[in-house]
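# Examination of the molecular architecture
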Amino acid sequence: EAEVAQSPRYKITEKSQAVAFWCDPISGHATLYWYRQILGQGPELLVQFQDESVVDDSQLPKDRFSAERLKGVDSTLKIQPAELGDSAMYLCASSFAGGGYNEQFFGPGTRLTVL
Amino acid sequence: GNSVTQMEGPVTLSEEAFLTINCTYTATGYPSLFWYVQYPGEGLQLLLKATKADDKGSNKGFEATYRKETTSFHLEKGSVQVSDSAVYFCALNNNNDMRFGAGTRLTVKP
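Residues numbered from 1 in each chain as written. Chains lettered and ligands numbered in written order. Predicted model: local features only at pLDDT ≥ 70, side-chain atom pairs only at ≥ 80, totals over all residues. Heavy atoms only, no water.

### Details of the overall build of chain A
Applied cut-off: Strands are runs of DSSP state E lasting at least two residues, helices are runs of H or I lasting at least four, and both sets are numbered from the N terminus onward. Only protein chains enter the accessibility calculation, which uses a 1.4 Å probe; a residue is then buried when its area is under 20% of its type maximum, exposed when over 50%, and partly exposed in between. Note on definitions: a residue-residue contact is assigned when non-hydrogen atoms from the two residues lie within 4.5 Å.
What chain A contains, in helices and strands, is 0 helices and 11 strands. Helices and strands appear in chain A in the N-to-C order β-β-β-β-β-β-β-β-β-β-β. The dimensions of chain A, computed from C-alpha atoms along their principal axes, are 40 × 25 × 25 Å. Considering chain A as a whole, with its 115 residues, one finds that 44% of them fall into the buried category. Summarising the internal contacts of chain A: among those between residues at least 6 apart in sequence, 54% fall at separations of at least 24.

Dropping the structure here:
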């Protein structure tokens, strides 16, 4: 069964360092999402791509976060510099297309700890 | 705006007990509604969904009915098992705006 792949699964870093997370969506899925999930809360959307274009990054802290999906396939989310408050689970999801009827498939997530 | 409110946890039940996790939503128009489940250390898995009023989503013994008149999508299961222990998230998607509830942790004891 096709799955969304994410790496690394766990990342520990010190504040002010740079970190990067990678996501490979299910083959053929045009829409890719990055979410942040703080412990004890539900996921919150950071950025949504349709192919290689950003369609929603209104909740992305652009002073320190960046995301790209250069060839419209895999994607990288970067944080520079990391802050203590960035400690969370970062989830990637993909769907065949955007829109309310399309199921989002989630990867296992990257758990980030900032010391 | 769009939002989801779900029953606070944690919920602890004995095996074979009846489960209800309440979920209500706020949205304009006609959102799609979802229940996701998250097992420890894993991402979210879709449990069931409903895309229009009065639809009933069901999977693995879990059910939820889209009630537009009460803006609710409560999750139910007649007889829970230890393996159902996880965190359950109610979610809506309204015009590509996806919102999740805070999650309800369920623990089922043998």
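### Description of the state of the cysteines
Defined as follows: Any pair of cysteine sulfurs within 2.5 Å is marked as a disulfide.
Counted according to the given criterion, the structure contains 2 disulfides over all chains. Here A:Cys23 pairs with A:Cys92 through a disulfide, and the sulfurs are 1.9 Å apart. For the disulfide bridge between A:Cys23 and A:Cys92, the dihedral angle about the S-S bond is near -70 degrees, and by the sign convention the bridge is left-handed. Of the two residues, A:Cys23 sits in strand β3 (residues 19-24) while A:Cys92 sits in strand β9 (residues 88-95), which places them 69 residues apart along the sequence. The pair A:Cys23 / A:Cys92 is uniform in exposure class, with both members buried. Bridging B:Cys23 to B:Cys90, the disulfide has an S-S length of 1.9 Å. Measuring handedness by torsion sign, the sulfur bridge of B:Cys23 and B:Cys90 sits at about -70 degrees and is left-handed. On the criterion of sequence distance, the pair formed by B:Cys23 in strand β4 (residues 23-26) and B:Cys90 in strand β10 (residues 86-94) is long-range, its members being 67 residues apart. Summarising the burial analysis for this pair, B:Cys23 and B:Cys90 share the class buried.

### Quick notes on the pairing of strand β11 (residues 97-100) of chain B
Counted only if it meets this: Strand pairing follows a simple DSSP-based rule, namely that at least 2 bridges must link the two strands.
Burial along β11(B) is one-sided: the face carrying B:Met98 and B:Phe100 is buried and the face carrying B:Asp97 and B:Arg99 is not. Remark: 2 residues form the turn of the hairpin made by β10(B) and β11(B), two consecutive strands paired antiparallel; B:Asn95 in that turn has positive phi of roughly 55 degrees.

### With respect to the interface of chain B and chain A
The cut-off we apply is this: Buried area is calculated as the accessible area (1.4 Å probe) missing from two parts once they are joined, with the contributions of both summed. Any N or O atom pair separated by 3.5 Å or less is treated as a polar contact, with the protein-specific requirement of one donor-capable and one acceptor-capable atom, and with residues adjacent in sequence counted only for side-chain atom pairs.
Each partner contributes to the interface: chain B provides 18 residues, whereas chain A provides 19 residues. Roughly 1500 Å² of surface becomes buried between chain B and chain A when both sides are summed, with 48% attributable to carbon and sulfur atoms. Summed over the three residues of chain B that lose the most area to chain A, namely B:Leu44, B:Asn96 and B:Phe100, the buried surface amounts to 32% of that side. For the pair chain B and chain A, the number of links is 3 residue pairs in polar contact (both at pLDDT 80 or more). The set of elements that each furnish at least two residues to the side of chain B that touches chain A consists of β5 (32-38), β6 (44-50), β10 and β11 of chain B. Counting residues per element, the side of chain B that touches chain A draws most heavily on β5(B), which supplies 4 residues.

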